[in-house]
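An overview of the molecular structure
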Amino acid sequence: MAASCVLRAVLSRTVSRARGSGGLRRPFSSAQLGPEAGGRKACWETASAHQDGTEYHRRRGGALWAAVAFSLFSSTDEEKRDEAQRKEDEMILLLKKAKLSMHRGNLQAASTFLHQAVALAHQTHNNQAIIYTYSQMANLAYIQGHLDSAEKLFKAAMSFMLSGGTPEDDNAVIEMSLKLATIYAEQNKAELAEHGFRFCVESLEAKLEKHKELPEHEKTEEQEVLRKDTHLLLGLCLDSRARYRASMLHLNLAGQDYRKALDICRQEQGEKHPQTLVLMSDLATILDLQGRHDDALALIQQAVDLSHSTENPDRHVLLGNLAGILLHTGRLEDSVRFYREALDLAQQAGDQAAMEQIQEGLKEVKKRRDQERKQQTQE
């Protein structure tokens, strides 16, 4: 969830496994685990955005400045400054290469660039670069399935942040805590996962309460931006915890979290925002699992109808979930119709995972039909 609301696979055990067949889950992508989760820049990028294209303060001026510089600095000092600048430029280039390699799927090359960059960051004692690079390395380790390494790297990044004076309730710290909680969830460390999610949610709720207490005349535009960012991050935390709870079949708790996340997304993003519709679909999945098929069908139908008026990249997922719920209510003909429409859109989008799930749904429909025919012949 959060600002750009690009969400994706933190938990490998999906609700579809609990359901057994029919429904789709949108992939919960690495974007949520990345340094720009939900559109919020990693603190290295935020604090140092000027490094991509803006000149640093270098020696400048004519002969007078050169004479003054010569009188103030020894050649050794100048050489040290030039060397530090060279290392910083090299480090930025390595980070760009790593990002490009990750985008192209060349993870081994990305890892090499990141290790070189973090070595330079330590040499130059650049804490912002260390934090950013560790977080990138952690993201990469997570993508590769190296959860223990990802955990250690996220903790290292957090340690540098906190030792540098970043408050414990800073959004950047909470976002990294959320990443750790999702890792614990995937490692089946239930107590640590629940504690992590609770810390994130309670910390953000407390920050939002403090903002409410501010007199109106003291609320600046900058504070409003922070409030919205904090609210959206809370929605992301609730969404992530809801998925974890659903995977543990704690359906009532999952439903509560989904409703809160949906309310936040509606408030901040609007009724027709793609993420709002995805959350409606997720909540419908929970209702379907609870046996509340009519409520689930009404909600997912509303999401599908709203998606008609927007270019929704998850429309095939919404249609797939609608087809799955129709399957569970016994409306097999309608289910097949929507599965086929979802399959066409999934093929156009190149969403292989969705295509596979839709095919499984169609197989389930065929199985149900065969069972019905068998019962009819027996009668």
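On a predicted model such as this, the values are computed, not experimentally measured, just so you know.

Our focus in this paragraph is the overall build of the chain. If you tally the helices and strands in the chain, you get 17 helices and zero strands. Here the chain, with 379 residues, has 48% of them falling under the buried criterion. With the model as given, the accessible surface of the chain reaches about 19200 Å², and the carbon-plus-sulfur share is 51%.

As a further point, take the packing of helix α10 (residues 190–213) against helix α11 (residues 221–247). Packing of α10 against α11 brings their axes to within 9 Å, and their N-to-C directions diverge by 155°. Compared by their axis directions, α10 and α11 come out roughly antiparallel. Our pair here, α10 against α11, has a crossing hand that is left-handed. Per-class residue counts for the contact of α10 with α11 are 12 nonpolar, five polar and eight charged.

For His125, which is not glycine, the phi torsion reads 55° and is therefore positive. Here His125 is to be found in the loop between α6 (107–123) and α7 (127–143). We classify His125 as exposed; its relative accessible area is 66%. Phi is positive for Leu249, which is not a glycine, with a value near 65°. With respect to the element layout, Leu249 can be found in the loop between α11 and α12 (251–269).

Okay, the packing of aromatic side chains next. Overall, the coordinates contain two aromatic pairs when judged by the stated rule. With centroids separated by 6.0 Å and ring planes inclined at 40°, the aromatic side chains of Tyr134 and Phe160 adopt a geometry described as tilted. On the criterion of sequence distance, the pair formed by Tyr134 in helix α7 and Phe160 in helix α8 (residues 147–163) is long-range, its members being 26 residues apart. Ring centres of Phe197 and Tyr244 lie 5.7 Å apart, and the angle between their planes is 35°; this geometry places the pair in the tilted category. Placement of Phe197 in helix α10 and of Tyr244 in helix α11 is noted, with a sequence separation of 47 residues between them. Here Phe197 and Tyr244 have matching classes, each one buried.

Remark: helix α13 (residues 274–289) packs on helix α15 (residues 315–328), axes separated minimally by 10 Å, with the N-to-C direction vectors making an angle of 20°. Classified by the angle their axes make, α13 and α15 are roughly parallel. Crossing hand, α13 versus α15: left-handed. Listed contacts from α15 to Leu277, Val278, Ser281, Ala284, Thr285 and Asp288 of α13 are Leu318, Asn321, Ile325 and His328. In the contact of α13 with α15, the residues fall into five nonpolar, four polar and one charged.

Moving on, we get to the pattern of salt bridges. Note that side chains of opposite charge can pair when their charged atoms are close. Tallied over the full model, the rule gives 21 salt bridges. With a shortest N-O distance of 3.5 Å, Glu209 and Lys212 are connected by a salt bridge. On the criterion of helical spacing, the pair formed by Glu209 and Lys212 is a turn pair, its members being three residues apart in helix α10. Using a relative accessible area of 60% as the deciding quantity, one classes Lys212 as exposed. Notably, a salt bridge pairs Lys366 with Asp370, separated by 3.3 Å at the nearest N-O pair.

In this model, α13 (16 residues) spans 23 Å end to end at C-alpha, consistent with the 22 Å of a helix rising 1.5 Å per residue. Taken across its 16 residues, α13 has 14 buried, putting it largely inside the fold. Within two residues after α13, Gly291 carries a phi angle of roughly 85°, on the positive side.

What follows covers the side chain of Ser307. Among the secondary structure elements, Ser307 is positioned in helix α14 (residues 293–307). A residue is classified by how much of its surface remains accessible, and Ser307, at 1% relative accessible area, is buried. Excluding its chain neighbours within four sequence positions, the residues that come into contact with Ser307 are Leu277, Asn312, Arg315 and Leu318.

Turn by turn, an α-helix covers 3.6 residues, leaving residues three or four places apart pointing in a common direction. Here α14 is 15 residues long and its end C-alpha atoms lie 21 Å apart, about the 21 Å a rise of 1.5 Å per residue gives. Buried within α14 are the following residues: Ala296, Leu297, Leu299, Ile300, Ala303, Val304, Leu306 and Ser307.

What follows covers the side chain of Lys87. Counting through the fold element by element, Lys87 comes out in helix α5 (residues 75–103). In this structure the side chain of Lys87 is engaged in a polar contact, spanning 3.1 Å, whose partner is the side chain of Gln123. If we ignore the near neighbours within four places in the chain, the residues touching Lys87 are Leu120, Gln123 and Thr124.

A few words on the state of the cysteines. The tally for this structure, following the rule as stated, stands at zero disulfides. Here Cys200 is not disulfide-linked; the sulfur of Cys237 is the nearest cysteine sulfur, at 4.6 Å.

Right, let's talk about the confidence of the model for the chain for a bit. Chain-level pLDDT for the chain is 81 on average; 79% of the residues reach the 70-or-more range. Taking the mean pLDDT of every element in the chain, the minimum, 24, falls on helix α3 (residues 43–47) and the maximum, 97, on α12. Between residues 1–23, whose pLDDT stays under 50, and residues either more than four places distant or in other chains, the model counts 103 contacts.

Conventions and cut-offs
Residues numbered from 1 in each chain as written. Predicted model: local features only at pLDDT ≥ 70, side-chain atom pairs only at ≥ 80, totals over all residues. Heavy atoms only, no water. Helix = DSSP H or I, 4+ residues; strand = E, 2+ residues; numbered from the N terminus. Buried < 20%, exposed > 50% of the residue type's maximum accessible area, 1.4 Å probe, protein only. Areas by Shrake-Rupley, 256 points an atom, 1.4 Å probe, with all protein chains shown as cover. Axes fitted to C-alpha atoms, helices over the stretch in contact; angles between N-to-C directions. Parallel < 35°, antiparallel > 145°, perpendicular 65-115°, else oblique. Left-handed = near helix turned anticlockwise from the far one by under 90°. Nonpolar A, V, L, I, M, F, W, Y, C, P; charged D, E, K, R; others polar. Phe/Tyr/Trp six-rings, centres within 6.5 Å; stacked < 30°, edge-to-face > 60°. Contact = heavy atoms within 4.5 Å. Salt bridge = Lys/Arg side-chain N within 4 Å of Asp/Glu carboxyl O. Expected span 1.5 Å × (residues − 1). Polar contact = N/O pair within 3.5 Å; in protein donor to acceptor, adjacent residues only side chain to side chain. Disulfide = S-S within 2.5 Å. pLDDT = per-residue confidence, 0-100.

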